Amino acid sequence: MKKTIGILGGMGPLATADLFCKIITHTQASKDQEHIPILIDNNTAIPDRTTALLHGGDDPMPEMTKSAKRLEAAGADVLIMPCNIAHNYFELLQQQVNIPFLNMIDLTCQVMLEKGVTTAGLLATTGTIQTGIYQRYASQYGITIFCPDDAQQEDVMQLIYSGVKAGNESFAVKPVQQCAQELLARGAQVMILGCTELPVAMQMYPLSFPAFDPTLELALAAIRFASNG
């Protein structure tokens, strides 16, 4: 019997839906009954993580803890969380539940190393970059991270917040495309889509560059866990 996946979602809703869809589309199943049971807590009351970590905004831990415990109580056997910056709270959240919690950033760095990636550009929220969470995990695997400059970082933030989160399908993405090209020119082999809105952006907009999708790696790891225990 397949185990039940719990998705700690709402950060944001489109990113949550993207993870759910990736689990469904990458599961080998010929009928409904062969798919993996999935519980989703789309908790949109969770305060913004970048605002909390960089600007003293409301603490997201109470709401994230509520979600984690709700999912465990509802029958989840494993938790996954489609938000990169929220992984700054990963260890604290893991302590709140008695079921496994898969770490998206650690999984991403593991798979990059397995695929021969030793340098990567990081496209992410300012909070994710400034907290250094990807840099810390990547250094454990011998991977060098390149980050945008301040002006480029503002372009990435606009894409995330004024583009994807705002549902603006006509958002101008040329500056972010140029940012990625410059990071590649500096020596990055791929771009890490280090905000879960960015894989959505790759589908919504005419962006084209070699990219590594942490949401997909989390989906694949969750499928393996649920299928094999």
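Residues numbered from 1 in each chain as written. Predicted model: local features only at pLDDT ≥ 70, side-chain atom pairs only at ≥ 80, totals over all residues. Heavy atoms only, no water.

Caption draft 1: Region of the structure containing the sheet that holds strand β2 (residues 38–42). Read from one edge to the other, the open sheet built from 3 strands follows the order β2-β1-β3, with strand pairing classed as parallel. The open sheet is flanked by β2 and β3 (78–80), the only strands paired with a single partner. Across the sheet, the axes of successive neighbouring strands diverge by a mean angle of 20°, strand direction being ignored. As judged from the 5 bridges shared by strand β1 (residues 5–9) and β2, these two strands associate in the parallel manner. Each bridged residue has a counterpart across the sheet, and for Leu-8 the counterpart in β2 is Asp-41. (Pairing = 2+ DSSP bridges. Helix = DSSP H or I, 4+ residues; strand = E, 2+ residues; numbered from the N terminus. Axes fitted to C-alpha atoms, helices over the stretch in contact; angles between N-to-C directions.)

Caption draft 2: Quick look at the nonpolar core. Counting 23 residues, the largest nonpolar core has Leu-123, Leu-159, Met-191, Leu-198, Tyr-205, Leu-207 and Phe-209 as its most contacted members. Among the secondary structure elements, those contributing two or more residues to this core are α8 (150–164), α9 (174–185), β6 (190–193) and α10 (197–204). No other element matches the 5 residues that α9 contributes to this core. Not counting the four nearest positions on each side in its chain, Leu-207 is found in contact with Leu-159, Val-173, Val-176, Gln-177, Ala-201 and Met-202. By size, the runner-up hydrophobic cluster in this structure holds 20 residues, among which are Met-11, Ala-76, Ile-85 and Phe-101. (Core = buried A, V, L, I, M, F, W, Y, C linked by side-chain atoms within 4.5 Å. Buried < 20%, exposed > 50% of the residue type's maximum accessible area, 1.4 Å probe, protein only. Contact = heavy atoms within 4.5 Å.)

Caption draft 3: Expanded view of unusual backbone geometry. Between Met-11 and Gly-12 the backbone carries a cis peptide bond, its omega angle lying at -5°. Counting through the fold element by element, Gly-12 comes out in the loop between β1 and α1 (13–26).

Caption draft 4: Examining the pairing of strand β4 (residues 119–123) more closely. Among the 5 residues of β4, 5 are classified as buried, and the element is accordingly described as predominantly covered. Here β4 shows a buried face lined by Thr-119, Gly-121 and Leu-123 and a second buried face lined by Ala-120 and Leu-122. The pairing of β4 with strand β5 (residues 144–146) spans 3 bridges and is classified as parallel. If you follow Ala-120 over to β5, its bridge partner there is Ile-145. Bridge analysis of β4 against β6 gives 4 bridges, and the strand direction is parallel.

Caption draft 5: Structural view of the sheet that holds β6. The 4 strands lie next to each other as β5-β4-β6-β7, forming an open sheet whose pairing is parallel. Both outer strands of the open sheet, β5 and β7 (211–212), are each paired with one neighbouring strand and no more. Running over the sheet, helix α7 (residues 133–140) touches β4, β5 and β6 and is turned about 150° from β5.

Caption draft 6: Geometry of the pattern of salt bridges. Throughout the structure, instances matching the rule amount to 5 salt bridges. Glu-63 is the partner of Lys-66 in a salt bridge, and the nearest nitrogen-oxygen pair spans 3.2 Å. Here Lys-66 and its partner Glu-63 are both found in helix α3 (residues 61–74), 3 residues apart, which amounts to about one turn of the helix. Lys-165 is paired through a salt bridge with Glu-197; the nearest N and O atoms lie 3.3 Å apart. (Salt bridge = Lys/Arg side-chain N within 4 Å of Asp/Glu carboxyl O.)

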